[in-house]
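Spelled out, the chains give:
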Amino acid sequence: MEILDKFNIKTDNEEMYQTALTHTSFANEHGKESYERLEYLGDAVLELVMSEYLYKNTTYEEGEMTKLRSHYVCENALYEYSLRIGLNEFLLLGNGEYESGGKFRKAIVADIFEAFIGAMYLDKGLDVVKDFIHSNVIDLIESNAFTFEEDYKSKLQELVQTDKRSLKYVVINEEGPAHNKVFTVEVKIDDIIYGVGKAHSKKEAEQEAAKNALSKSVK
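The paragraphs below set out a description of the structure included in this document. All values derive from a computational prediction rather than experimental measurement.

1. Quick word on the packing of aromatic side chains
- Counted according to the given criterion, the structure contains 5 aromatic pairs.
- An angle of 75° between the planes, with centres 5.3 Å apart, marks the rings of Phe7 and Phe132 as edge-to-face. Of this pair, Phe7 sits in the loop between α1 (2-6) and α2 (14-20) while Phe132 is found in helix α9 (residues 126-142), placing the two residues 125 residues apart along the sequence.
- We classify Phe7 as partly exposed; its relative accessible area is 23%.
- You can call Phe132 buried: its relative accessible area is 6%.

As structure tokens, then:
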């Protein structure tokens, strides 16, 4: 695979990396496995590596480290990392998803970054993954190469915690085919609806709901 050559990854498990780039729409059409399980694993590995980096390289308290980590691994950030290394160019998409622009759909492009990390972790182990994340994530952070969009969920959480109020996100609707779902999410503070968001992933819909709530000057 060209993407493996790009990062000088020698492997006997090329098929696993192919799975990391296989969207459910393609998987359903061709009887293949999608990236979803690898994404789950990669999400945890990325969070671990970022947590270790922040612990060892900052003197921040727990709350500030948590806030920074969520900022650096949010969907907007993952999307930027993935585009920068060109992972989306190797995406395997079903016909409908491809024609509707799935190659640049934020949720999908972000997901495959985590899935790729998951595959690399299983194939090469944590040390190789750390090197990859340092080169393609942490170096960008330290050089201020990107200014990521604001993490509205963290900002809203911080605001609500000040008054010790409860905060929760509720998916109130899912529509569309499996490979192109649209989620509608409400954000509730003390069981009162403060904002609504709609997007192609639950994470992004939650961010939109939080942004909507903040725009109403939650106090």
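2. Some details on the packing of helix α10 (residues 152-162) against helix α11 (residues 202-214)
- Following both chains from N to C, one finds α10 and α11 inclined at 50°, their axes separated by 8 Å at the closest point. Classed by the angle they form, the pair α10 and α11 counts as oblique. Note that α10 runs across α11; the crossing there is left-handed. Mapping the contact onto sequence places Tyr152, Lys153, Lys155, Leu156 and Leu159 in α10 and Glu206, Gln207, Ala210, Lys211, Ala213 and Leu214 in α11.

3. Section: the layout of surface pockets
- In this structure, the largest pocket occupies an estimated 770 Å³ of space.
- Considering the residues around the largest pocket, the lining is formed by 30 residues, among which Ser70, Asp151, Lys153, Ser154 and Gln207 are closest to the centre.
- Mapped by element, the contributors of at least two residues to the lining of the largest pocket are α4 (36-57), α5 (62-72), α6 (75-85), α10, β1 (167-175) and α11.
- Class assignment for the residues of the lining of the largest pocket results in 5 nonpolar, 8 polar and 17 charged.
- As a volume, the second largest pocket reaches approximately 560 Å³.
- As for the second largest pocket, its lining consists of 22 residues, of which Glu36, Glu39, Asp111, His200 and Ser201 are closest to the centre.
- At the level of secondary structure, the elements contributing two or more residues to the lining of the second largest pocket comprise α4, α8 (106-124) and α11.
- Each residue belonging to the lining of the second largest pocket can be placed in one class, and the counts come to 6 nonpolar, 6 polar and 10 charged.

4. What to know about the pairing of strand β2 (residues 182-189)
- Of all 8 residues that make up β2, 7 are buried, and the element is covered over most of its length.
- By the bridge criterion, 8 bridges tie β1 to β2 in an arrangement that is antiparallel. If you follow Val171 over to β2, its bridge partner there is Val185.
- Counting the residues between successive antiparallel strands, the hairpin from β1 to β2 contains 6 residues, one of them, Gly176, with a positive phi of roughly 95°.

5. Considerations on the packing of α4 against α8
- It is at 6 Å that the axes of α4 and α8 come closest, and there the two elements cross at 80°. By the angle class used here, α4 and α8 are roughly perpendicular. From α4, Leu38, Glu39, Leu41, Gly42, Asp43, Val45 and Leu46 reach across to α8, where they touch Asp111, Glu114, Ala115, Ile117, Gly118, Ala119, Tyr121 and Leu122.
- Class assignment of the residues belonging to the contact of α4 with α8 gives a composition of 9 nonpolar, 2 polar and 4 charged.

6. Some points on α6
- In terms of burial, α6 is largely enclosed, as 8 of its 11 residues are buried.
- Taken residue by residue, α6 has Glu75, Asn76, Ala77, Leu78, Tyr79, Tyr81, Ser82 and Ile85 as its buried positions.
- If you follow the buried residues of α6, they end up packed against α1, α4, α5, α8, α9 and α11.
- Where α6 terminates, the next one or two residues include Gly86, which has phi positive at roughly 75°.

7. Points about the environment of Leu87
- Relative to the helices and strands, Leu87 is located in the loop between α6 and α7 (95-99).
- Measuring from C-alpha to C-alpha, the distance between Leu87 and Lys103 comes to 9.5 Å, with 16 residues separating the pair along the chain.
- Aside from chain neighbours lying at most four places away, what touches Leu87 is Ile3, Leu21, Ser82, Ile112, Phe113 and Phe116.

Here is what the cut-offs are and how they apply
- As a convention, each chain's residues are numbered from 1 in the sequence order in which they are written.
- Under the rules for a predicted model, residues below a pLDDT of 70 receive no local features and side-chain atom pairs below 80 are neither given nor counted, while totals for whole chains, interfaces and linings still include all residues.
- In computing side-chain properties, one takes all heavy atoms of the structure into account and sets aside hydrogens as well as water.
- For Phe, Tyr and Trp, where Trp contributes only its six-membered ring, two rings pair if their centres lie within 6.5 Å, and the inter-plane angle classes them as stacked under 30 degrees, edge-to-face over 60, or tilted in between.
- Helix and strand definitions here come from DSSP, where helices need a minimum of 4 consecutive H or I residues and strands a minimum of 2 consecutive E residues; each element is numbered from the N-terminal end.
- Burial classification: accessible surface area is computed with a 1.4 Å probe over protein chains only, and a residue below 20% of its type maximum counts as buried, one above 50% as exposed, and the rest as partly exposed.
- Axis definition: a line fitted to C-alpha atoms, over the contacting stretch in the case of helices. Angles run 0 to 180 degrees between N-to-C directions.
- Orientation is classified from the angle alone, with under 35 degrees giving roughly parallel, over 145 giving roughly antiparallel, 65 to 115 giving roughly perpendicular, and any other angle giving oblique.
- Crossing chirality is assigned from the near helix's rotation relative to the far helix, an anticlockwise turn below a right angle marking it left-handed and a clockwise turn marking it right-handed.
- Residues count as neighbours in contact if any of their non-hydrogen atoms are within 4.5 Å of one another.
- A cavity here means a set of points on a 1 Å grid, drawn over the protein atoms and nothing else, where a 1.4 Å probe fits but cannot get out; a pocket is an open set with protein on both sides within 12 Å along at least five of seven lines, and a residue lines either one if it has an atom within 4 Å of a point.
- Grid points are joined across faces, edges and corners, and a volume is the space filled by probe spheres set on the points.
- Three classes are used, and their members are as follows: Ala, Val, Leu, Ile, Met, Phe, Trp, Tyr, Cys and Pro are nonpolar, Asp, Glu, Lys and Arg are charged, and the others, Gly among them, are polar.
- Strands are treated as partners if at least two bridges between them are detected by DSSP.

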